[in-house]
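Chain by chain, the residues run as shown.
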Amino acid sequence: AQRVTQPEKLLSVFKGAPVELKCNYSYSGSPELFWYVQYSRQRLQLLLRHISRESIKGFTADLNKGETSFHLKKPFAQEEDSAMYYCALGGNGNTDKLIFGTGTRLQVFP
Amino acid sequence: DAGVTQSPTHLIKTRGQQVTLRCSPKSGHDTVSWYQQALGQGPQFIFQYYEEEERQRGNFPDRFSGHQFPNYSSELNVNALLLGDSALYLCASSSSRRETQYFGPGTRLLVL
């Protein structure tokens, strides 16, 4: 079954500390992985996708097919990074249906 | 471009009633997907519309139905509302298969 697991509901760090939000997936085909972010009172928006292999707002994520993981990392957290982060799995045949994890709330304290 | 828009923003209904939610996709997009996000959960895929047809459906009962119009806008209809249908309903649009999905602000539905 296709599934996305985000084991942490809440991650709290201080400004300047490294951040790693965990995401594991279950999928038998060629997965497409995404990280979406939702800032307070804003809509869900794409942060990055694995196929682009780019860094957005200092965040990176590497697809590890052996460990079926797509962890989101940032070396130095900023207060403005506080938000809800969702990992999502795509690549579902003819559609771009997304399967989301339950999300991790990142709190960055000053 | 206002991006993806949804109406209404909030809605209160009672059990057994029917509801219609509306979505206008981002300019240039022709594919619309609907998701349900219950409190504390990630969005769950309901269905996707392309060329006015339902292309794929998630694990939702037939009470959930939809429509896409020639201008690519879409409606989500839910019949015989249950308390468990209370959620944030998100619409997302994209330009073609496997392109980035852009989300609307959502419609928050409360069923009493």
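Note that this is a predicted model, so its numbers are computed, not measured. (Residues numbered from 1 in each chain as written. Chains lettered and ligands numbered in written order. Predicted model: local features only at pLDDT ≥ 70, side-chain atom pairs only at ≥ 80, totals over all residues. Heavy atoms only, no water.)

## Some thoughts on the nonpolar core
Residues and elements named next belong to chain A.
Phase 1: Counting residues in hydrophobic clusters, the biggest one holds 26 residues, and the most contacted among them are Trp35, Leu47, Leu48, Phe70, Leu72 and Tyr85.
Phase 2: Broken down by secondary-structure element, the contributors of at least two residues to this core are β2 (10-14), β3 (19-21), β5 (32-38), β6 (45-49), β9 (83-90) and β11 (104-109).
Phase 3: The element that contributes the greatest number of residues to this core is β9, accounting for four residues.
Phase 4: Setting aside its immediate chain neighbours within four residues, Tyr85 contacts Gln6, Leu21, Trp35, Tyr36, Val37, Leu47, Phe59, Leu72, Gly103, Thr104 and Leu106. (Core = buried A, V, L, I, M, F, W, Y, C linked by side-chain atoms within 4.5 Å. Buried < 20%, exposed > 50% of the residue type's maximum accessible area, 1.4 Å probe, protein only. Helix = DSSP H or I, 4+ residues; strand = E, 2+ residues; numbered from the N terminus. Contact = heavy atoms within 4.5 Å.)

## So, the packing of aromatic side chains
Phase 1: Taken as a whole, this structure holds twelve aromatic pairs over all chains when the rule is applied.
Phase 2: Between Tyr36(A) and Phe103(B) the ring centres are 5.4 Å apart and the planes differ by 85°, which places this aromatic pair in the edge-to-face class. Placement of the pair is Tyr36(A) in strand β5 and Phe103(B) in strand β10 (residues 102-103), with the two residues belonging to separate chains.
Phase 3: The exposure class of Tyr36(A) is buried, given its relative accessible area of 0%.
Phase 4: Look at Phe59(A) and Tyr85(A): their rings are 5.6 Å apart centre to centre, the planes differ by 50°, and that puts the pair in the tilted class. With Phe59(A) in the loop between β6 and β7 (60-61) and Tyr85(A) in strand β9, this pair connects stretches of sequence that are 26 residues apart. Each member of the pair Phe59(A) and Tyr85(A) is classed as buried. (Phe/Tyr/Trp six-rings, centres within 6.5 Å; stacked < 30°, edge-to-face > 60°.)

## Some points on the state of the cysteines
Residues and elements named next belong to chain A.
Phase 1: Overall, the coordinates contain two disulfides over all chains when judged by the stated rule.
Phase 2: Covalently, Cys23 is tied to Cys87 through a disulfide, its sulfur atoms 2.0 Å apart. Between Cys23 and Cys87 the sulfur-sulfur dihedral comes to about -65°; the bridge is accordingly left-handed. On the criterion of sequence distance, the pair formed by Cys23 in the loop between β3 and β4 (24-26) and Cys87 in strand β9 is long-range, its members being 64 residues apart. When sorted by exposure, Cys23 lands in the same class as Cys87, which is buried. (Disulfide = S-S within 2.5 Å.)

## A word on the sheet that holds strand β3 (residues 19-24) of chain B
All names here are of chain B.
Phase 1: One open sheet accounts for four strands, arranged β1-β3-β8-β7; its pairing is antiparallel. At either end of the open sheet lies a strand with only one pairing partner, and these are β1 (5-7) and β7 (64-68). Between one strand and the next, the sheet's axes are offset by a mean angle of 20°, whatever the strand orientation.
Phase 2: Taken together, the five bridges between β3 and strand β8 (residues 74-78) define a ladder with antiparallel strand orientation. Counterpart to Cys23 in the pairing with β8 is Ser74. (Pairing = 2+ DSSP bridges. Axes fitted to C-alpha atoms, helices over the stretch in contact; angles between N-to-C directions.)

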